Amino acid sequence: MKKKKLAGAFLSLSLAAGMLAGCSGSGSSDKSSGDGDTIKIGVNLELSGGVASYGQSIAEGLELATEEINKEGIDGKKIKLIKVDNKSEASEATSGAIKLTSQDQVAAIVGAATSTNSIAQVQIAQDNKVPVISPSGTSPEITFSKDKLNDYIFRTSFIDPFQGTVAANFASKEIKAKSAAIYIDSASDYSKGLAAAFKEQFEKNGGKIVAEEAYIAKDTDFRSTLTRLKSAKPDFIFLPGYYEEAGLIVKQARETGLDVPFMGGDGWDSPKLVEIAGAKALNNTFITNHYSSGDPDEKIQNFVSAFKAKYKDKSPDAFNALGYDTGYFLADAIKRAGSADSTKIKEALEKTKNLELVTGTFTLDEKHNPIKSATILEFKEGKQVFNTKINP
Amino acid sequence: MELIQQLINGVSLGSIYALIALGYTMVYGIVKLINFAHGDVFMVGSFVGFYSITVLDLSFVPALLISMTVCALFGVLIERIAYKPLRNATRIAALITAIGVSLLIEYGFIYVRGAQPEAYPNDVLPTDKFDIFGVSINSQSILIFGVAVVLMIILQIIVHKTKIGKAMRAVSFDADAAKLMGINVNNTISATFAIGSALAGAAGVIFGIYYIKIEPLMGVLPGLKAFVAAVLGGIGIIPGAMVGGLLLGVIEALVSAAGYSLWRDAVAFVVLILILIFMPQGLFGKNKKEKV
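Residues numbered from 1 in each chain as written. Chains lettered and ligands numbered in written order. Predicted model: local features only at pLDDT ≥ 70, side-chain atom pairs only at ≥ 80, totals over all residues. Heavy atoms only, no water.

Caption draft 1: Quick peek at the overall build of chain A. Regarding its fold elements, chain A presents twelve helices and 16 strands. Radius of gyration (C-alpha) of chain A: 23 Å, near the 21 Å computed for a compact globule of 392 residues. If one aligns the C-alpha atoms of chain A with their principal axes, the spans along those axes are about 70 × 60 × 45 Å. Evaluated residue by residue, chain A yields a buried proportion of 57% over its 392 residues. Put simply, of all contacts in chain A between residues at least 6 apart along the chain, 67% involve residues at least 24 apart. For chain A, the accessible area works out to roughly 16,100 Å², and carbon and sulfur atoms hold 54% of it. (Helix = DSSP H or I, 4+ residues; strand = E, 2+ residues; numbered from the N terminus. Rg over C-alpha atoms; globule rule 2.2 N^0.38 Å. Buried < 20%, exposed > 50% of the residue type's maximum accessible area, 1.4 Å probe, protein only. Contact = heavy atoms within 4.5 Å. Areas by Shrake-Rupley, 256 points an atom, 1.4 Å probe, with all protein chains shown as cover.)

This is the structure in structure tokens:
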């Protein structure tokens, strides 16, 4: 009996303490983001979970950019990154955004890597008037949904329809494919968005879609569907998925004797893709991407050498570049805004024009999407080789 | 030709289900417990194999043996800690515990190493492709099927020809009577868990080699599918698990071949429901009349 009472007392005490802590937390809240000479920037990324490789790469690029920016600072202020891990889940991305806006009072948020997890933050950012920049979310819905602009949301990457269109043009003009098959991840808006744009453009170019199949993320056996695709005899297969499944599909396709070119989007870009598919199976596959470390442009080569110096000679991938660019995209806006006030940063972001960054020259359109170029890469023995650059 | 190709696709998928289903069926046959943690033992086996190959630099056979040994010990550990204290509790209590153990292993594993996937090296076993009349067969598919059949035969020999097998059959028939006859029931049950878990470990390594990508939640769906396979063949019956696994694999392949790949998982569970309604004893089960 005594024990029970003690436990009860303890429980109520701890509850009361929790409530008090909560009160004091919200009591001291004011709208200034960062105190004195720091500007607090929230980072809401996939640091673990299914697409952890994207989140970690973005974080690396962003940290490098922050380090460089903080050498001089912005008007004497330094950027401080506050990271939360959304575990590659939309619900965690939402609670991460809540924590960053209400508890940490950040000036802006960088994240998330995927479209789904970025969309999960939209409502919170809009309600709290905190600008969010998704470094690699490519779904148009992130910034513009239901005929309405989400005015606090921005992105560093290009959008899905653009990638799909570029891929379709590449298939009909460079590969000279007459027929194509589409194999999508039925649970991903990203995959569906690319596929729809691809289909539209490919048919406009006079090509024929001979088969459309779908899989569910986390599937491991694709042989039956691939056998079906093989009998449709397409010249080209468009596979706009993420690297885990794309790697398995390409591997199993080659084993089934399906030797036609495959093409995907930036979702393929991960070292894990090569580990899963194997270097040989990936020959004769292509992706559209944001940038290539093999591009001879001077700005890109400077970034590559700075990145290699910081991360043990690792060659930066597109997500590293997008993370890096997001840092400068934001820093440029803060500089022009002349303050760390969220609304002023948002207004400055909207006015971004001809900003020279690693993944292209940025000018923001009225839907908050940057207008910039796309790069096509080819896999040769497991290495991404710069193929061509396509302007919008 | 395409149909034959699809049947081959189905058999190699089904062989994996069969290997996992063998473990389910054995444990159920002896203790009447559906060990939902079995799919997670399969996952652990896959990771043990992965680390044996990449970190210890071992080849296929030693990696397989290490994985089977570790899983056997792990299975016994689970049984001793989680199920033994509930031996005389209600069936539902044991079932819920099994689900709890399953979640504990999955998320404990994620806590320790994170949720990111790993990729098995591509060159553990040669992948030769045979083309026979336009049908291509992968050497690894043949290997998987071969391993599944061999392990099933070994299992049959253990159960029907050895002393521990006799003890298992006795315990499954009547545990109390077996105890009165001087059989150590606890050790017999532990042995069952050890053998079943070793099979799951073997399935894990083979899965890794065939499908390359492994991750901490990989055991969930194959585990459930194997359960369907075991029920389909008649739970508690060893050849039934084998046939059930192969049949389920072929059904799934045919569903995909017909263009309904998104319905594949749904069909597997519809099969489960239909079997439970119309043939609850499974394809190989006898309709036992219970004495009152």
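Caption draft 2: Structural detail: the packing of aromatic side chains. Residue and element names in this part refer to chain A. The tally for this structure, following the rule as stated, stands at 28 aromatic pairs over all chains. Plain terms: the ring middles of Phe198 and Phe236 are 6.0 Å apart, the flat faces sit at 10 degrees to each other, and that makes the pair stacked. In this pair, Phe198 is assigned in helix 6 (residues 189-204) and Phe236 in strand 10 (residues 236-238), connecting sequence segments 38 residues apart. On the accessibility criterion, Phe198 (0% relative accessible area) is buried. Lying over the aromatic face of Tyr152, Lys346 brings its terminal NZ or CZ to 5.1 Å of the ring centre. (Phe/Tyr/Trp six-rings, centres within 6.5 Å; stacked < 30°, edge-to-face > 60°. Lys NZ or Arg CZ within 6 Å of the ring centre and 35° of its normal.)

Caption draft 3: Spatial organisation of the sheet that holds strand 9 (residues 208-215) of chain A. All names here are of chain A. In space, the seven strands of this open sheet follow the order 9-8-10-11-12-15-16, with mixed pairing throughout. The sheet is open, and its two borders are formed by strand 9 and strand 16 (383-390), each paired with just one other strand. Averaged over neighbouring strand pairs, the angle between their axes works out to 25 degrees when direction is ignored. Running at roughly 140 degrees to strand 12 (residues 285-289), helix 5 (residues 160-175) makes contact with strand 10, strand 11 (262-264), strand 12, strand 15 (374-380) and strand 16 of the sheet. Against the sheet, helix 8 (residues 243-256) contacts strand 8 (179-185), strand 9, strand 11 and strand 12, and its axis sits at roughly 175 degrees relative to strand 11. (Pairing = 2+ DSSP bridges. Axes fitted to C-alpha atoms, helices over the stretch in contact; angles between N-to-C directions.)

Caption draft 4: Spotlight on the UniProt feature "domain: Leucine-binding protein" (unreviewed entry) in chain A. Using the residue numbers shown here, the UniProt feature "domain: Leucine-binding protein" (unreviewed entry) corresponds to residues 38-382 of chain A. Between the end C-alpha atoms of residues 38-382 of chain A there is a gap of 43 Å, over a span that is 45% helix and 20% strand. (UniProt positions renumbered as here; feature names shortened; annotations may be inferred.)

Caption draft 5: Structural view of the nonpolar core. Formed by 98 residues in total, the largest nonpolar core has its most connected members in A:Phe198, A:Leu239, A:Phe262, A:Trp268 and A:Phe303. Per element, the largest residue contribution to this core is ten residues, and it comes from helix 11 (residues 318-337) of chain A. Apart from the residues within four sequence positions on either side, A:Phe198 is in contact with A:Gly164, A:Ala167, A:Ala168, A:Ala171, A:Ala180, A:Ile182, A:Ile209, A:Phe236 and A:Phe238. Membership of the second largest hydrophobic core comes to 85 residues, among which are B:Phe60, B:Met152, B:Ala178 and B:Ala229. (Core = buried A, V, L, I, M, F, W, Y, C linked by side-chain atoms within 4.5 Å.)

Caption draft 6: Just helix 5 of chain A, in detail. Residues and elements named next belong to chain A. For helix 5, spanning 16 residues, the distance from its first C-alpha to its last is 21 Å, which sits close to the expected 22 Å at 1.5 Å a residue. Here helix 5 has its buried residues at Asp160, Gln163, Gly164, Val166, Ala167, Ala168, Phe170, Ala171 and Ser172. Contact partners of the buried residues in helix 5: helix 6, strand 10, strand 11, strand 12, strand 15 and strand 16. Remark: Lys176 follows helix 5 within two positions and exhibits a positive phi of approximately 60 degrees. (Expected span 1.5 Å × (residues − 1).)

Caption draft 7: The arrangement of the domain arrangement of chain A in detail. Residues and elements named next belong to chain A. Domain annotation for chain A reports domain 1 (29-158 + 300-372) and domain 2 (160-289). For domain 1 and domain 2, the distance between their C-alpha centres works out to 29 Å. Taken together, the contact pairs 15 residues of domain 1 with 13 residues of domain 2. Of the roughly 1,300 Å² buried at the junction of domain 1 and domain 2 (both faces included), carbon and sulfur atoms supply 53%. Of all residues in domain 1, the largest losses of buried area upon contact with domain 2 belong to Tyr54, Thr138 and Phe158, amounting jointly to 39% of the total for that side. Where domain 1 packs against domain 2, one counts zero salt bridges. Across the contact surface, domain 1 and domain 2 share six residue pairs in polar contact (both at pLDDT 80 or more). Mapped by element, the contributors of at least two residues to the side of domain 1 that touches domain 2 are helix 2 (52-72) and helix 11. For the side of domain 1 that touches domain 2, the per-class residue count stands at seven nonpolar, six polar and two charged. (Domains from an automatic or database assignment. Buried area = accessible area lost by both parts, 1.4 Å probe. Salt bridge = Lys/Arg side-chain N within 4 Å of Asp/Glu carboxyl O. Polar contact = N/O pair within 3.5 Å; in protein donor to acceptor, adjacent residues only side chain to side chain. Nonpolar A, V, L, I, M, F, W, Y, C, P; charged D, E, K, R; others polar.)

Caption draft 8: Representation of the interface of chain B and chain A in the model. If you look at the interface, chain B gives 31 residues, while chain A gives 31 residues. Three residues stand out in chain B for area buried against chain A, namely B:Tyr211, B:Lys213 and B:Leu262, and they jointly supply 22% of the buried area on that side. Across the chain B-chain A interface, the total number found is three salt bridges. A:Lys272 is paired through a salt bridge with B:Glu118; the nearest N and O atoms lie 3.8 Å apart.

Caption draft 9: Main features of the pairing of strand 8 of chain A. Residues and elements named next belong to chain A. The element strand 8 is largely enclosed, with a buried count of seven among its seven residues. Judged by which residues are buried, strand 8 turns out to be covered on both faces: Ser179, Ala181, Tyr183 and Asp185 on one side and Ala180, Ile182 and Ile184 on the other are all buried. Judged from the seven bridges that link them, strand 8 and strand 9 form a sheet pairing that is parallel. Across the sheet, the residue bridging to Ser179 is Lys208, located in strand 9.

Caption draft 10: Summary view of a nonpolar patch on the surface. Residue and element names in this part refer to chain B. Taken together, the side chains of Val243, Leu247, Val270, Ile273, Leu274, Ile277, Phe278, Met279, Leu283 and Phe284 present a nonpolar region at the surface, about 890 Å² in accessible area. Looking at the nonpolar patch element by element, the count peaks at five residues for helix 11 (residues 264-278). Summarising the element assignment, Leu274 is placed in helix 11. (Patch = residues over 30% accessible without salt bridge, like charges linked within 9 Å, V, L, I, M, F, W, Y side chains within 5 Å.)

Caption draft 11: The sheet that holds strand 1 (residues 38-45) of chain A, seen in detail. Residues and elements named next belong to chain A. Strand order in this open sheet of five strands is 2-1-3-4-7, and the pairing throughout is parallel. At either end of the open sheet lies a strand with only one pairing partner, and these are strand 2 (78-85) and strand 7 (153-155). For this sheet, the mean angle separating the axes of adjacent strands, direction not counted, is 25 degrees. Pairing geometry for strand 1 and strand 2, over eight bridges, is parallel. Bridge pairing links Ile39 to Ile79 in strand 2.

Caption draft 12: Inspection of the environment of B:Leu143 at higher detail. Residues and elements named next belong to chain B. Its location among the elements puts Leu143 in helix 5 (residues 139-161). Accessibility expressed as a relative area gives 29% for Leu143, which makes it partly exposed. Distance in space between the C-alpha atoms of Leu143 and Ile206 is 8.9 Å, their sequence separation being 63 residues. In this view, Leu143 contacts Phe60 and Leu125; residues no more than four positions away in its chain are not counted.

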